[in-house]
Amino acid sequence: MAANLYNLEPKNVWKYFYQITQIPRPSKHEEKILNYLKEFAGSKNLEYIEDEVKNIVIKIPATEGKENAPAVVLQSHVDMVCEKNKGTEHDFFKDPLELEIDGDWIKAKGTTLGADNGIGMAAALAIADDNFEHGPIELLFTVDEETGLTGASNLDKNMLRGKYMINLDTEEDGIFYIGCAGGMDTVGVFDIQTEPVNGDVETYTLYVGGLKGGHSGMEISERRGNAIKILGFLLDKLQNFEIKISSIAGGSKRNAIPREAEANILIKKERLNDVNKTISGYLAEVKNEIGTNASDLVIKLDKSNEKNLTAFTNEFASRVNNAIIALPHGVVEMSEKIGGLVETSTNLATVVIENNKLRIGTSQRSSVESAKKRIGRTVKSVFDLAGASVEVVDGYPAWQPNFDSELLRIASEVYEKSHNEKPEIKVVHAGLECGIIGEKYPGLDMISVGPTITGAHSPDEKLKINDVPKFYDLVKKIITEIASRG
């Protein structure tokens, strides 16, 4: 696969992208990729600096005669969302990704690809290798973006000198993003209450899967189906047959729509046929409701080898399940100012059991700070009513759009010259680090660009091959144009 990628243009971008995909880089465990960046800087005799949270800036000197041009920051994050299909054997802490070319796309076998934001990193490194006219360039690589943008949030205020910043973390060719939603997390924590189960019962695993999942900002408006919600409503139906729940789990990332969920349940033998009929009928109902987004939906009941005949008390199971059913999920409000933009949303993201606690994780997004807090308060109220303790993380601010941006004007002119058409200007309903970095560096002029990526935050993630040279060429030309005006 390395040879196949190395034959693609621009060669250095694909070379670095492949190398990046071979280095494990889960959020909060980015040591290997950070060492790779330091070794890269050393091999090119480039100065780099590192702050306390391990964000790195690699400095590229200006070409001769352009030393006084305004400095440009190219920003990307080093971590990736680690999602895999059920049954895929892959250790994200040790194993390289297995890549494959699928027509016009590159994807990974059974896992996320990490093009979010590996392709941005690769483009930045290729810039350091390239021979073109430019002023001073700073390559900013932030840590831990995917689990709360904590790298950007703790970025040292003395790291950057640039006047302009190009964020390389969006996923649509030909579109300039100039704003993004802010976000927060709201988590409900339940003290698990159990009791022994008597009678002639058997243990089964009830599984919901085959959904598309995806990015909880970019794809939240697409009605892709939430595995935790689907499981919750099904468990509610099955209470008619006196089932007992011994565990429940679903989702894996705060910023991904959950594709899979499962519960271990205990069923009386004489009720098994009724349970199976209900599952079949419910599967048809959900497919009818969600339509094509549920074409691969699977709901199955498998006999479990679990011998533990302890289950949630009826009262506790009811509180948890009612919370899952009552929690809002999806689009809350569309923007009145920008057509087609989701203004506010919330994602029911995870259910996990750890240390005798059941934790339900949710995340809220909005381009309006008050609306973000309001939907967060709504979620907290559900948890309050269910008797859970609540943890709230305010997260990160929105990046307010500046339609009069000088960088936007320069980039738009460059794009129009190259493509004989104007770029689309958008605000994205996802978290970008621009809002946080902009607060730390007031006056920093920013846009965000990237090649087409679909299915980010899921094993369906794909990167469009033909968009990468256009993306890279655009970034280079913007930098050169800035230098020529400086």
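Residues numbered from 1 in each chain as written. Predicted model: local features only at pLDDT ≥ 70, side-chain atom pairs only at ≥ 80, totals over all residues. Heavy atoms only, no water.

(A) Looking closely at helix α10 (residues 406–419). Given a rise of 1.5 Å per residue, 14 residues ought to cover 20 Å, and the 20 Å separating the end C-alpha atoms of α10 matches this to within 8%. Of the residues making up α10, those classed as buried are Leu407, Leu408, Ile410, Ala411, Ser412, Val414 and Tyr415. Residues of α10 that are buried make contact with β7 (164–167), β8 (175–180), β20 (424–428), β21 (445–448) and α12 (467–485). In this structure Ser405 caps α10, since a side-chain oxygen of it lies 3.2 Å from the backbone nitrogen of Leu407. Phi for Asn420, located one or two positions after α10, is positive at around 55°. (Helix = DSSP H or I, 4+ residues; strand = E, 2+ residues; numbered from the N terminus. Expected span 1.5 Å × (residues − 1). Buried < 20%, exposed > 50% of the residue type's maximum accessible area, 1.4 Å probe, protein only. Contact = heavy atoms within 4.5 Å. Polar contact = N/O pair within 3.5 Å; in protein donor to acceptor, adjacent residues only side chain to side chain.)

(B) Structural detail: the packing of aromatic side chains. If you walk through the whole model with that rule in mind, you get 6 aromatic pairs. Taking the centre distance of 5.5 Å and the plane angle of 85° together, the rings of Tyr16 and Phe40 count as edge-to-face. With Tyr16 in helix α2 (residues 11–21) and Phe40 in helix α3 (residues 31–43), this pair connects stretches of sequence that are 24 residues apart. An identical accessibility class is assigned to Tyr16 and Phe40; each is buried. (Phe/Tyr/Trp six-rings, centres within 6.5 Å; stacked < 30°, edge-to-face > 60°.)

(C) Summary view of the sheet that holds strand β4 (residues 99–102). What the 4 strands build is an open sheet, ordered β4-β5-β23-β22; its pairing is antiparallel. Where the open sheet ends on each side, the last strands, each with one partner, are β4 and β22 (453–454). Bridging between β22 and strand β23 (residues 462–464) involves 2 bridges; their strand directions are antiparallel. Looking across to β23, one finds that Thr454 is bridged to Lys462. (Pairing = 2+ DSSP bridges.)

(D) Examining the environment of Asp445 more closely. In this structure, Asp445 sits in strand β21. Put simply, Asp445 and Val73 are 372 residues apart on the chain and 10.0 Å apart in space, counted from C-alpha to C-alpha.

(E) Highlighting the packing of α2 against helix α4 (residues 115–129). Close contact between α2 and α4 brings their axes to 8 Å; oriented N to C, the two are set at 130°. One finds that α2 runs oblique with respect to α4. When you trace α2 past α4, the crossing you get is right-handed. Residues Asn12, Val13, Lys15, Tyr16, Phe17 and Ile20 of α2 touch α4, and the partners they reach there are Ala115, Gly118, Ile119, Met121, Ala122, Ala123, Leu125, Ala126 and Asp129. A per-class count over the contact of α2 with α4 returns 11 nonpolar, 2 polar and 2 charged. (Axes fitted to C-alpha atoms, helices over the stretch in contact; angles between N-to-C directions. Parallel < 35°, antiparallel > 145°, perpendicular 65-115°, else oblique. Left-handed = near helix turned anticlockwise from the far one by under 90°. Nonpolar A, V, L, I, M, F, W, Y, C, P; charged D, E, K, R; others polar.)

(F) Examining the pattern of salt bridges more closely. Under the criterion given, the structure shown has 36 salt bridges. Between Asp200 and Lys269 there is a salt bridge, with its nearest N and O atoms 3.6 Å apart. Remark: Lys269 occurs in the loop between β13 (261–268) and α7 (272–290) and Asp200 occurs in the loop between β10 (194–196) and β11 (201–209); sequence separation between them is 69 residues. Of the residues examined, Lys269 reaches a relative accessible area of 43% and is grouped as partly exposed. What emerges from the salt-bridge pattern is a single network uniting Asp200, Glu202, Lys269 and Lys303. (Salt bridge = Lys/Arg side-chain N within 4 Å of Asp/Glu carboxyl O.)

(G) How the structure looks around the environment of Asn308. Summarising the element assignment, Asn308 is placed in the loop between β14 (298–303) and β15 (310–312). Considering only alpha carbons, one finds Asn308 and Arg223, 85 residues apart in sequence, at a separation of 37 Å.

(H) Spatial organisation of the environment of Asp169. By the element assignment, Asp169 lies in the loop between β7 and β8. Classification of Asp169 by relative accessible area gives buried; the value is 7%. Separated by 262 residues in sequence, Asp169 and Gly431 have C-alpha atoms that sit 10.0 Å apart. Setting aside residues no more than four positions away along its own chain, Asp169 makes contact with His77, Asp116, Asn117, Glu145, Leu432, Ser448 and Val449.

(I) Structural detail: the pairing of strand β17 (residues 342–354). By the criterion of burial, β17 is predominantly enclosed, with 10 of the 13 residues buried. The pairing of strand β16 (residues 330–334) with β17 spans 4 bridges and is classified as antiparallel. Residue pairing across strands places Met334 opposite Val342, the latter belonging to β17. Here β17 runs beside strand β18 (residues 357–366); their pairing, made up of 10 bridges, is antiparallel.

(J) Spotlight on unusual backbone geometry. Here the bond from Glu9 into Pro10 is cis, since omega is -5°, no more than 30 degrees from zero. You can see Pro10 is positioned in the loop between α1 (2–6) and α2. Going from Asp116 to Asn117, the amide bond is cis rather than trans, its omega being 10°. With respect to the helices and strands, Asn117 occurs in helix α4. Phi is positive for Asn355, close to 55°, though the residue is something other than glycine. Considering the arrangement of structural elements, one finds Asn355 in the loop between β17 and β18.

(K) Broad picture of the nonpolar core. Membership of the largest hydrophobic core comes to 70 residues, with the highest contact counts inside it found for Phe17 and Leu74. At 10 residues, α4 tops the list of elements feeding residues into this core. Setting aside chain neighbours within four positions, we find Leu74 in contact with Ala124, Ile127, Ile137, Glu138, Leu139, Leu140, Ile166, Leu168, Val475 and Ile479. (Core = buried A, V, L, I, M, F, W, Y, C linked by side-chain atoms within 4.5 Å.)

(L) The side chain of Arg224, seen in detail. Considering the arrangement of structural elements, one finds Arg224 in the loop between β11 and α6 (227–238). With a relative accessible area of 14%, Arg224 lands in the buried category. Within polar-contact distance, the side chain of Arg224 engages the backbone oxygen of Gly213 at 3.2 Å. A polar side-chain atom of Arg224 sits 2.9 Å from a polar atom in the side chain of Glu222.

(M) Broad picture of the pairing of β7. Burial of the side chains of β7 extends over both faces: Tyr164 and Ile166 are buried on one face and Met165 and Asn167 on the other. As judged from the 4 bridges shared by strand β3 (residues 72–77) and β7, these two strands associate in the parallel manner. Paired with Val73 across the bridge in β7 is Met165. Pairing geometry for β7 and β21, over 4 bridges, is parallel. From the neighbouring strand, Ile166 faces β21, where its bridge partner is Ile447.

That is the geometry; function is a separate question.
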